Amino acid sequence: RLHQELTRIARQVAIQQDRLVRLLRELQQAMSQQSQLAGLQQELEVARSMQQSILPRQPPAAAGVEVAALMIPAREVGGDFYDYFLLDEEHLAVLVADVSGKGIPAALFMAISRTLFKSHALFLREPAQVMSRLNDQLCAENEQMMFVTAFFAVLNLRTGTLDFVNAGHNP
């Protein structure tokens, strides 16, 4: 009888030990995943800061013009962006745009789009030409089929004339 009781207790101890080992493995995996998540969150915060830093911070240095803008992404990073800058002493460029999708892919495409846009705007100046050239470049080798909607305007500060193009952007 003692032998049977010791065998039963030994089985229960073995079962409990297996359970404890399983729980320890699960805890170890959870801690590893938590560490990875913390690392990803830190990387996303760095990406968010970088994305915010490429947006204009100061109003344009043009007399009689006030510009205000704010961007709050739906996630840590995203594809919405804006820009404004002087093309010369008499012309102010203003852009509001949105990349298809969300998250990191949209943020990367946003950075590319904004960089190309600004270089084309400073060189070509005419909104329709800028958007046409930008469209050509963004469509080339675009395997992910991402796109940008944009409203781009050039304000003549002397005359008040606004020349603009709406590239599929919602009102």
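First, a word on what this report is: a plain description of the structure on this page. (Residues numbered from 1 in each chain as written. Predicted model: local features only at pLDDT ≥ 70, side-chain atom pairs only at ≥ 80, totals over all residues. Heavy atoms only, no water.)

1. Points about the packing of helix H2 (residues 103-124) against helix H3 (residues 127-139)
No. 1: Between H2 and H3, the shortest axis-to-axis distance is 9 Å and the interhelical angle comes to 140°. For the element pair H2 / H3, the angle class is oblique. For the element pair H2 and H3, the recorded crossing hand is right-handed. Taken together, the residues of H3 that come into contact with H2 (itself represented by Phe109, Ile112, Ser113, Leu116, Phe117, His120, Ala121 and Leu124) are Gln129, Val130, Met131, Arg133, Leu134, Gln137 and Leu138. (Axes fitted to C-alpha atoms, helices over the stretch in contact; angles between N-to-C directions. Helix = DSSP H or I, 4+ residues; strand = E, 2+ residues; numbered from the N terminus. Parallel < 35°, antiparallel > 145°, perpendicular 65-115°, else oblique. Left-handed = near helix turned anticlockwise from the far one by under 90°. Contact = heavy atoms within 4.5 Å.)

2. A look at the nonpolar core
No. 1: In this structure, Phe81, Leu95, Val99, Phe117, Ala121, Met131 and Phe152 are the most contacted members of the largest nonpolar core, which totals 26 residues.
No. 2: Of all elements in the fold, only strand S1 (80-88), strand S2 (91-99), H2, H3 and strand S3 (148-156) reach the threshold of two or more residues within this core.
No. 3: A total of six residues in this core trace back to one element, the largest contributor, which is H2. (Core = buried A, V, L, I, M, F, W, Y, C linked by side-chain atoms within 4.5 Å. Buried < 20%, exposed > 50% of the residue type's maximum accessible area, 1.4 Å probe, protein only.)

3. Here's the deal with the sheet that holds S1
No. 1: Spatially, S1-S2-S3-S4 is the arrangement adopted by the four strands of the open sheet, whose pairing is antiparallel. Two strands lie at the open edges of the sheet, namely S1 and strand S4 (162-167), each paired on one side alone. Pairs of neighbouring strands in the sheet enclose a mean axial angle of 10°, with direction left out of account.
No. 2: By the bridge criterion, eight bridges tie S1 to S2 in an arrangement that is antiparallel. Opposite Asp88, over in S2, you have His91 as the bridge partner.
No. 3: Against the sheet, H2 contacts S1, S2 and S3, and its axis sits at roughly 15° relative to S1. (Pairing = 2+ DSSP bridges.)

4. Description of the pattern of salt bridges
No. 1: For the structure on display, the rule yields four salt bridges.
No. 2: Arg125 serves as the salt-bridge partner of Asp88, at 2.7 Å between the closest nitrogen and oxygen. Placement of Asp88 in strand S1 and of Arg125 in the loop between H2 and H3 is noted, with a sequence separation of 37 residues between them.
No. 3: When the shortest N-O distance is used, the salt bridge between Arg158 and Glu90 registers 3.3 Å. Of this pair, Arg158 sits in the loop between S3 and S4 while Glu90 sits in the loop between S1 and S2; the two residues are 68 residues apart in sequence, bridging distant segments of the chain.
No. 4: A residue is classified by how much of its surface remains accessible, and Arg158, at 59% relative accessible area, is exposed. (Salt bridge = Lys/Arg side-chain N within 4 Å of Asp/Glu carboxyl O.)

5. Things to note about the packing of aromatic side chains
No. 1: Counted under the stated rule, the structure contains four aromatic pairs.
No. 2: Plain terms: the ring middles of Phe85 and Phe117 are 6.1 Å apart, the flat faces sit at 65° to each other, and that makes the pair edge-to-face. Here Phe117 lies in helix H2 and Phe85 lies in strand S1, a separation of 32 residues in the sequence. Neither residue differs from the other here; Phe85 and Phe117 are each classed as buried.
No. 3: Here the aromatic residues Phe85, Phe117 and Phe152 are joined through ring pairs into a cluster of three or more.
No. 4: Positioned above the aromatic ring of Phe85, the side-chain terminus of Lys118 is 4.7 Å from the ring centre. (Phe/Tyr/Trp six-rings, centres within 6.5 Å; stacked < 30°, edge-to-face > 60°. Lys NZ or Arg CZ within 6 Å of the ring centre and 35° of its normal.)

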